[in-house]
2 protein chains.
Amino acid sequence: MSYSDSLSKLLGDLGATEGSKLSVVNGDRTYVGTLMPHHEFSAPDILILKMKSGYNVGIRIGPETKVEVLEAPVERTKKEGEVEFKKGLPKLVLIGTGGTIASYVDYRTGAVHPALSTSDMVNAVPEIRDIANIDARVLFSIFSENMNVEHWQKLAEAVAEELNNGADGIIIPHGTDTMGYTAAALSFMLGDVSKPVVLVGAQRSSDRPSSDASSNLMACARFCTKADRAGVYVVMHDTSGDDSFAVHIGSRVRKMHTSRRDAFHSINAAPAAHLDKDGKMVLNIDGPRVSDAKVVAKTGMERACVLLQYYPGMDPVLFEDIFMKSKGVVISGSGLGHVNENMIPLIRKACDNGTVVVMTSQCLNGRTNLNVYNTGRDMLSAGAITVLDMLPETAYVKLMWALANTSTPEEAKELMQTPLAGEMSDRRTIDV
Amino acid sequence: MSYSDSLSKLLGDLGATEGSKLSVVNGDRTYVGTLMPHHEFSAPDILILKMKSGYNVGIRIGPETKVEVLEAPVERTKKEGEVEFKKGLPKLVLIGTGGTIASYVDYRTGAVHPALSTSDMVNAVPEIRDIANIDARVLFSIFSENMNVEHWQKLAEAVAEELNNGADGIIIPHGTDTMGYTAAALSFMLGDVSKPVVLVGAQRSSDRPSSDASSNLMACARFCTKADRAGVYVVMHDTSGDDSFAVHIGSRVRKMHTSRRDAFHSINAAPAAHLDKDGKMVLNIDGPRVSDAKVVAKTGMERACVLLQYYPGMDPVLFEDIFMKSKGVVISGSGLGHVNENMIPLIRKACDNGTVVVMTSQCLNGRTNLNVYNTGRDMLSAGAITVLDMLPETAYVKLMWALANTSTPEEAKELMQTPLAGEMSDRRTIDV
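What counts, and where the lines are drawn
- Residues numbered from 1 in each chain as written.
- Chains lettered and ligands numbered in written order.
- Predicted model: local features only at pLDDT ≥ 70, side-chain atom pairs only at ≥ 80, totals over all residues.
- Heavy atoms only, no water.
- Helix = DSSP H or I, 4+ residues; strand = E, 2+ residues; numbered from the N terminus.
- Buried < 20%, exposed > 50% of the residue type's maximum accessible area, 1.4 Å probe, protein only.
- Areas by Shrake-Rupley, 256 points an atom, 1.4 Å probe, with all protein chains shown as cover.
- Salt bridge = Lys/Arg side-chain N within 4 Å of Asp/Glu carboxyl O.
- Contact = heavy atoms within 4.5 Å.
- Buried area = accessible area lost by both parts, 1.4 Å probe.
- Polar contact = N/O pair within 3.5 Å; in protein donor to acceptor, adjacent residues only side chain to side chain.
- Nonpolar A, V, L, I, M, F, W, Y, C, P; charged D, E, K, R; others polar.
- Pairing = 2+ DSSP bridges.
- Right-handed = clockwise from strand over helix to strand, strands pointing away.
- Least-squares fit on C-alpha atoms with pLDDT ≥ 70 in both.
- Core = buried A, V, L, I, M, F, W, Y, C linked by side-chain atoms within 4.5 Å.
- Axes fitted to C-alpha atoms, helices over the stretch in contact; angles between N-to-C directions.
- pLDDT = per-residue confidence, 0-100.
- Disulfide = S-S within 2.5 Å.
- Parallel < 35°, antiparallel > 145°, perpendicular 65-115°, else oblique.
- Left-handed = near helix turned anticlockwise from the far one by under 90°.

Considerations on the overall build of chain A
Part 1 of the argument: When its secondary structure is counted, chain A shows ten helices and 21 strands.
Part 2 of the argument: Across the 432 residues in chain A, those meeting the buried criterion constitute 59%.
Part 3 of the argument: Counting every atom, chain A has about 16600 Å² of accessible surface; 48% of that belongs to carbon and sulfur.

A word on the pattern of salt bridges
Part 1 of the argument: Evaluated as defined, the whole model comprises 38 salt bridges over all chains.
Part 2 of the argument: A:D228 is the salt-bridge partner of A:R289, the closest N and O atoms lying 3.8 Å from each other. Of this pair, A:R289 sits in the loop between β17 (281-283) and β18 (305-309) while A:D228 sits in the loop between α5 (213-226) and β12 (231-237), and the two are 61 residues apart along the sequence.
Part 3 of the argument: Residue A:R289 is classed as partly exposed on the basis of its relative accessible area, which comes to 45%.
Part 4 of the argument: With relative accessibility at 35%, the residue A:D228 sits in the partly exposed group.
Part 5 of the argument: Put simply, B:K325 and B:D321 hold a salt bridge, and the shortest N to O gap is 3.0 Å. Highlighted residues: B:K325 and B:D321, both in helix α6 (residues 316-325), separated by four residues, approximately one helical turn.

Looking at the interface of chain A and chain B
Part 1 of the argument: Every contact between the two is made by 73 residues of chain A and, on the other side, 72 residues of chain B.
Part 2 of the argument: For the chain A and chain B pair, buried surface summed over both sides reaches about 6100 Å², with 54% attributable to carbon and sulfur atoms.
Part 3 of the argument: Counting across the chain A and chain B interface gives zero salt bridges.
Part 4 of the argument: In this structure, the connection of chain A to chain B is made through 34 residue pairs in polar contact (both at pLDDT 80 or more).
Part 5 of the argument: Counting only elements with at least two residues in the side of chain A that touches chain B, the list comes to β4 (56-60), β8 (112-114), α3 (149-164), β14 (253-255), β18, α6 (316-325), α8 (374-382) and α9 (392-404) of chain A.
Part 6 of the argument: Tallied by class, residues from the side of chain A that touches chain B come to 32 nonpolar, 29 polar and twelve charged.

Side note on the environment of A:R60
Residues and elements named next belong to chain A.
Part 1 of the argument: Along the chain, R60 falls in strand β4.
Part 2 of the argument: Sequence separation between R60 and I48 is twelve residues, and the spatial gap between their C-alpha atoms is 8.9 Å.
Part 3 of the argument: At a separation of 3.1 Å, a polar atom in the side chain of R60 contacts the side chain of D45.

Overview of unusual backbone geometry
Part 1 of the argument: The omega angle of the peptide bond from A:G287 to A:P288 is -5°, so this bond is cis rather than trans.
Part 2 of the argument: Along the chain, A:P288 turns up in the loop between β17 and β18.
Part 3 of the argument: Positioned with a positive phi, B:D228 is a non-glycine residue whose angle comes to about 55°.
Part 4 of the argument: One non-glycine residue with positive phi stands out, namely B:L388, at about 55°.
Part 5 of the argument: Looking at the secondary structure, you find B:L388 in the loop between β21 (385-386) and α9 (392-404).

Some remarks on the pairing of strand β19 (residues 328-333) of chain B
Residues and elements named next belong to chain B.
Part 1 of the argument: A large share of β19 lies buried, amounting to six of its six residues.
Part 2 of the argument: Side chains G328, V330 and S332 of β19 all project onto a buried face; the interleaved residues V329, I331 and G333 project onto the opposite face, where all are buried too.
Part 3 of the argument: Alignment of strand β18 (residues 305-309) against β19, held across five bridges, turns out to be parallel. Residue pairing in the sheet places L308 in a bridge with I331 of β19.
Part 4 of the argument: Where the polypeptide runs from β18 across α6 and back to β19, its parallel neighbour, the crossover connection is right-handed.
Part 5 of the argument: For β19 and strand β20 (residues 356-361), the ladder comprises six bridges, and the chain directions are parallel. Within β20, the residue paired with I331 across the bridge is M359.
Part 6 of the argument: Handedness of the crossover is the feature at issue here: the chain leaves β19, passes through helix α7 (residues 344-352), returns alongside β20, and the resulting connection is right-handed.

Description of the environment of B:G313
Part 1 of the argument: When you line up the elements, B:G313 lands in the loop between β18 and α6.
Part 2 of the argument: Given the relative accessible area of 8%, B:G313 is considered buried.
Part 3 of the argument: Linking B:G313 and B:N340, residues 27 residues apart in sequence, is a C-alpha distance of 8.6 Å.
Part 4 of the argument: With sequence-adjacent residues up to four places away left out, B:G313 is seen in contact with A:N148, A:V149, A:R303 and A:Y396.

What about the relation of the copies chain A and chain B?
Part 1 of the argument: It takes a turn of 180° to lay chain A on chain B, together with a shift of 0.0 Å along the axis; the resulting RMSD is 0.1 Å. Here the transformation between the copies is reduced to the relation of a two-fold axis.

Description of the nonpolar core
Part 1 of the argument: In this structure, A:F319 and B:F319 are the most contacted members of the largest nonpolar core, which totals 163 residues.
Part 2 of the argument: Sequence-distant contacts of B:F319, that is, excluding residues within four places in its chain, are made with A:V306, A:L308, A:I322, B:L308, B:Y311, B:M314 and B:L346.
Part 3 of the argument: Ranked by size, the runner-up nonpolar core spans 27 residues in total, among them A:L94, A:V200, A:L217 and A:F223.

Re the sheet that holds β19(B)
Residues and elements named next belong to chain B.
Part 1 of the argument: Reading across the sheet, the four strands line up as β18-β19-β20-β21 and stay open at both edges, with parallel pairing between neighbours. The open sheet has two free edges, formed respectively by β18 and β21, since each of these has just one partner strand.
Part 2 of the argument: Each of β18 and β19 touches α6; the most contacted strand, β18, lies at about 150° to it.

With respect to the confidence of the model for chain A
Residues and elements named next belong to chain A.
Part 1 of the argument: This prediction gives chain A a mean pLDDT of 88; 87% of its residues lie at or above 70.
Part 2 of the argument: Here residues 77-81 scores under 50 on pLDDT; set against residues more than four positions off or in separate chains, the count is eight contacts.
Part 3 of the argument: Here the complex is predicted with pTM 0.83, and the ipTM for its interfaces comes to 0.83.

Regarding the side chain of B:N148
Part 1 of the argument: When you line up the elements, B:N148 lands in the loop between β9 (133-138) and α3 (149-164).
Part 2 of the argument: Here A:G313 takes part through its backbone nitrogen, which lies 3.3 Å from a polar atom of the side chain of B:N148.
Part 3 of the argument: The contacts of B:N148, once residues within four sequence positions are left out, are A:P312, A:G313, A:N340, A:N342 and B:R303.

Things to note about the sheet that holds strand β20 (residues 356-361) of chain A
Part 1 of the argument: Taken in spatial order, the four strands line up as β18-β19-β20-β21 (chain A) in an open sheet, and their pairing is parallel. Two strands lie at the open edges of the sheet, namely β18 and β21 (385-386) of chain A, each paired on one side alone.

Observations concerning the state of the cysteines
Part 1 of the argument: One pass over the structure, following the stated rule, counts zero disulfides over all chains.
Part 2 of the argument: Between A:C351, a free cysteine, and A:C305, which holds the nearest cysteine sulfur, the sulfur-to-sulfur gap is 13 Å.
Part 3 of the argument: The exposure class assigned to A:C351 is buried, which follows from its relative accessible area of 14%.
Part 4 of the argument: Of all cysteine sulfurs in the structure, the one in B:C224 sits closest to B:C220, which takes part in no disulfide; the separation is 4.7 Å.
Part 5 of the argument: The buried category is assigned to B:C220, whose relative accessible area is 0%.

Brief notes about the packing of α9(B) against helix α10 (residues 409-416) of chain B
Residues and elements named next belong to chain B.
Part 1 of the argument: Look at α9 against α10: their axes get within 9 Å of each other, and the N-to-C directions meet at 140°. Considering their axes alone, α9 and α10 lie oblique with respect to each other. The element α9 and its partner α10 pack so that their crossing is right-handed. Here α9 contributes A395, K398, L399, W401, A402 and L403 to the contact with α10, which in turn contributes A412, L415 and M416.

Comments concerning the environment of B:V296
Residue and element names in this part refer to chain B.
Part 1 of the argument: Here V296 shows up in the loop between β17 (281-283) and β18.
Part 2 of the argument: With relative accessibility at 53%, the residue V296 sits in the exposed group.
Part 3 of the argument: A sequence separation of 136 residues divides V296 from A160, and the C-alpha atoms of the two residues are 6.3 Å apart.
Part 4 of the argument: In contact with V296, not counting residues within four places along its chain, are M189 and L190.

A short note on the packing of α3(A) against helix α4 (residues 179-189) of chain A
Packed helix pairs are characterised by how far apart their axes lie and by the angle those axes make with each other.
All names here are of chain A.
Part 1 of the argument: Interaxial distance between α3 and α4 falls to 10 Å at its minimum, and their mutual angle equals 50°. Relative to α4, the element α3 is oriented oblique. Seen from above, α3 lies across α4 with right-handed handedness. In this structure, α3 contributes W152, Q153, L155 and A156 to the contact, and α4 contributes Y181, T182, A185, L186 and M189.
Part 2 of the argument: A per-class count over the contact of α3 with α4 returns seven nonpolar, two polar and no charged.

Quick look at the structure:
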């Protein structure tokens, strides 16, 4: 679908093309913005402008509307930066995956696309070259909602390869949608990685004035070069302002807002570090420190795992097939990790069949404990296990990994209940 | 399983029975607490004491351990309070459902049980009788993880009955696990209810010194009698202290911590009111006001609905049966409401089959918007709808209700996208 014939003619007569800067006067309102392509969800006589704020508006064009072209479209130019190697600076390798941090608005479709090259991204933050030598490599260019288990595996392998080839740290620009899941996956796959591996995202694409892409990237590079902390982390805005950044432990972080720049929160743990816009850093964790140990990626994942949220009315008959076909089931239960008692026979049947059933809480914050109430105890008797204060999403990722890296369900359960990458508190529930 | 023979003999010789207050000296540590029954997850030589903090500890009893009985068990006595009707005071009806707020520790099993009568609860807060005449009625006595759709229906009917019989407000003591779901269900079933209907819970049972049961109940009664606000609400602690209470809109509230007393948060909306411990109230919403209109409970619910969380690695083949058998599917997608593109053919197939597919966000906070990225647009084309900033749990409850109260999927979609009980913002996304 495209603009109506009359609207297309009007635009053609004015010499306006997609990307042109227009002024549109409709009655007493004036809109100034960039002409976007027509969109199948709008009527054909609605003209779409991208405003300076980054938001699109649809304007109905009537006989009285005055449209004027202010500027021709800006040509996108891509240039590879000259790579100047500076002696004495640490070497960081950017491994590009896609996402808003590496995206621009496609004027053909009006949507945001992952398309900037990783070196474009570095060139957008020239001061990063003052603190590190940057190598950039594009591994994929996808939105993070399309990230899958095999992407995690390839990414872990690429990280290990770069670190073993001399990188002092890895920066992974990543879409924010599933950045928490990927961070958890890398946390387990890379185990006691000897260098910082930091995922970084943006909630606003780099064509928007409020973009957080550059400042997050800079904070990320500072943490990698100055903190002396190994492990998998996520760096994002800590507040809605542009002057504070949080470094989250990769297995403890969750996207908690659809659009705010400070969408990422550490859950059940403090952030590992905070940075301000001048690079001043406060570290909240003691270790692990950077070393020269070889990095081994253990990327095995059991795919037959599911993550389910319990809700009143959940029908055990409807979910039986999923429980029985899965090697691992993570349930985000209510409260301390509960489900309706009518689910317990199914949990027992699955556990008896060798499925590992792990209870977490949809409250997200706080510890699970199945010893307080009767239904919880029945679940323990049925064979379910709890994992203290581990996030449901992290538990799902860890369960895939634990099942692939052990030989029996019992070993996998033991591994699930052992802290490996900061993903759970070290204190076991007292089983009384 | 019970305590070991030697431990049972020791306890018998001392005259200690379950509920006795004991002092146990083990090396240089002394424990004082209430003797609990043995628990099948502990070794038989571990003695279980409930400490003053409310937590249980397990103590291994060796030959050197000194055990002493300090006090005999406290007998639980239940007495019905004399009901004195005070002229001029409003009439509140408590409809008991169970939960921690109405529970005590069962010394036979060591677990918390729903068992106090609703009038016991009122008697525990005698000052409530200064502001209202209280009628109490026990509808069920279950933990809220066992609440089901038919419980919501019975509860809505009981509320309507009591209000139409002259109650000025309804207080519903409820387990916290699924209190948010029940509040959402009542919000839609009771529609424009003309009086306050307020759910109230407790995170600590009333035998614990830190119990929040009484203070939440009192704040609830104050809101019901003084606020002049109709609708369905939830009252809980607003902070971890005992001096501040929040009144949440029933369709906007979520349990966000497994154990804290201030576990309940309003999401994407401010609380309707705040109260302090002296009853001082700040109202944040203008309406709706109390009236004398008859209350109608529309309790129809389409049970063939599911709530699913999207996660990377979600297998569309495994979930096909659930999508095709359901009349309604709510997905808490990633970010703005996304799923992996490999899920989209299944969403299309289900929509073509007449299933209503509703996208929400697992971020919980913020609005969904499927118009920003390509995968989102593909989902709209497939037939999925979004519901702005509605919580996934509320969307699931509302979808059951909408499908039962309309004749076609299109009507149900329209109803889903229309704010009915404060559950979503009133501003539609601009479809550009």
